[in-house]
Amino acid sequence: MSANLAAALALEGHRVGLMDADIYGPNIPRMFGVDTKPEVQGGKIQALQAHGVKLMSLGFIVERDAPAIWRGPIIMKIIGQFLRDVAWGELDYFLVDLPPGTGDAQLSLTQIVRLHGALIVTTPQEMAVGDSLRGAKMFERVGVKVVGVVENMSYFVCPHCNTRSEVFLAGGGTRLAAELHVPLLGQVPLQAGMAELADRGTPIVLGEPESPAAVALRSLARTVVERVAGLAPALPLTAPR
């Protein structure tokens, strides 16, 4: 979701940065087809770039099969370095790809940087909705505005007959948005071939721009631009609450 949202924003002409804060599963390098190590110039790590998006991920630095067996303080240090020691340049939008849940990455981010808002991504099933609700409540508790909810894997459109099918139980994103009193920003369908494109380093908004998923993702990007315009950033926390 974050990879395609970043690529879609870049397609609209925005200057976009994407930081991979999923320290235990840094997949952004593969999704953008980049596997080189970043250079250091003038004491600053130079963000890599692909598809018009500036990127930074632990996956650029450690070996692909190296397990990240680290505790919270190290996670916070890595996220701090990615924020402070990377030459991001001038950006219109800075996206952070977070792991699911309410762990060290989320809390570290709220302590270090002023966030304008959080996008909550769920799938339609109640189990996923429950996990997403806890994540949203964490951001609310630390003073970060929840911009809205995105429902991924919402439905499936048959490529042969264009029939729409609800693969999972429908309505999870709508119920979550209602419980949080925020808008449902978009519903992204399951898309055949999307995973293969991601493995090749091509976001579907670029690889199959007319597909139902790509159309939904580009619409989501435009909606996000509208929703975050004028939002004031939250103040960073000084300590966990």
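For the structure itself, consult the block above.
Residues numbered from 1 in each chain as written. Predicted model: local features only at pLDDT ≥ 70, side-chain atom pairs only at ≥ 80, totals over all residues. Heavy atoms only, no water.

Some details on helix α4 (residues 104-112)
- Along α4, seven of the nine residues are buried, which leaves the element largely enclosed by surrounding structure.
- Of all the positions in α4, only A105, Q106, S108, L109, T110, Q111 and I112 are classed as buried. (Buried < 20%, exposed > 50% of the residue type's maximum accessible area, 1.4 Å probe, protein only. Helix = DSSP H or I, 4+ residues; strand = E, 2+ residues; numbered from the N terminus.)

Quick notes on the side chain of T123
- Structurally, T123 is set in the loop between β8 (118-122) and α5 (126-141).
- There is a polar contact of 2.7 Å between the side chain of T123 and the side chain of Q125.
- Setting aside residues no more than four positions away along its own chain, T123 makes contact with A128, V129, E151, N152 and M153. (Polar contact = N/O pair within 3.5 Å; in protein donor to acceptor, adjacent residues only side chain to side chain. Contact = heavy atoms within 4.5 Å.)

What to know about the sheet that holds strand β5 (residues 53-57)
- With respect to topology, four strands assemble into an open sheet ordered β4-β5-β1-β7, the strand pairing being mixed. The outermost strands of the open sheet, each flanked by one partner alone, are β4 (48-50) and β7 (93-97). Sheet twist, expressed as the mean angle between neighbouring strand axes with direction ignored, is 30°.
- Pairing of β4 with β5 involves three bridges; the strand directions are antiparallel. Across the sheet, A50 pairs through a bridge with V53, a residue of β5. (Pairing = 2+ DSSP bridges. Axes fitted to C-alpha atoms, helices over the stretch in contact; angles between N-to-C directions.)

Overview of the pairing of strand β9 (residues 146-151)
- Within β9, six of the six residues are buried, leaving the element largely enclosed by the surrounding structure.
- Where β8 meets β9, five bridges bridge the pair, whose relative direction is parallel. For A118, the partnering residue across the bridge sits in β9 and is V146.
- Following the chain from β8 across α5 to the adjacent parallel β9, one finds a crossover that is right-handed.
- Both β9 and strand β12 (residues 184-187) contribute to a ladder of three bridges, which runs parallel. (Right-handed = clockwise from strand over helix to strand, strands pointing away.)

These values are about where atoms sit, not about what they do.
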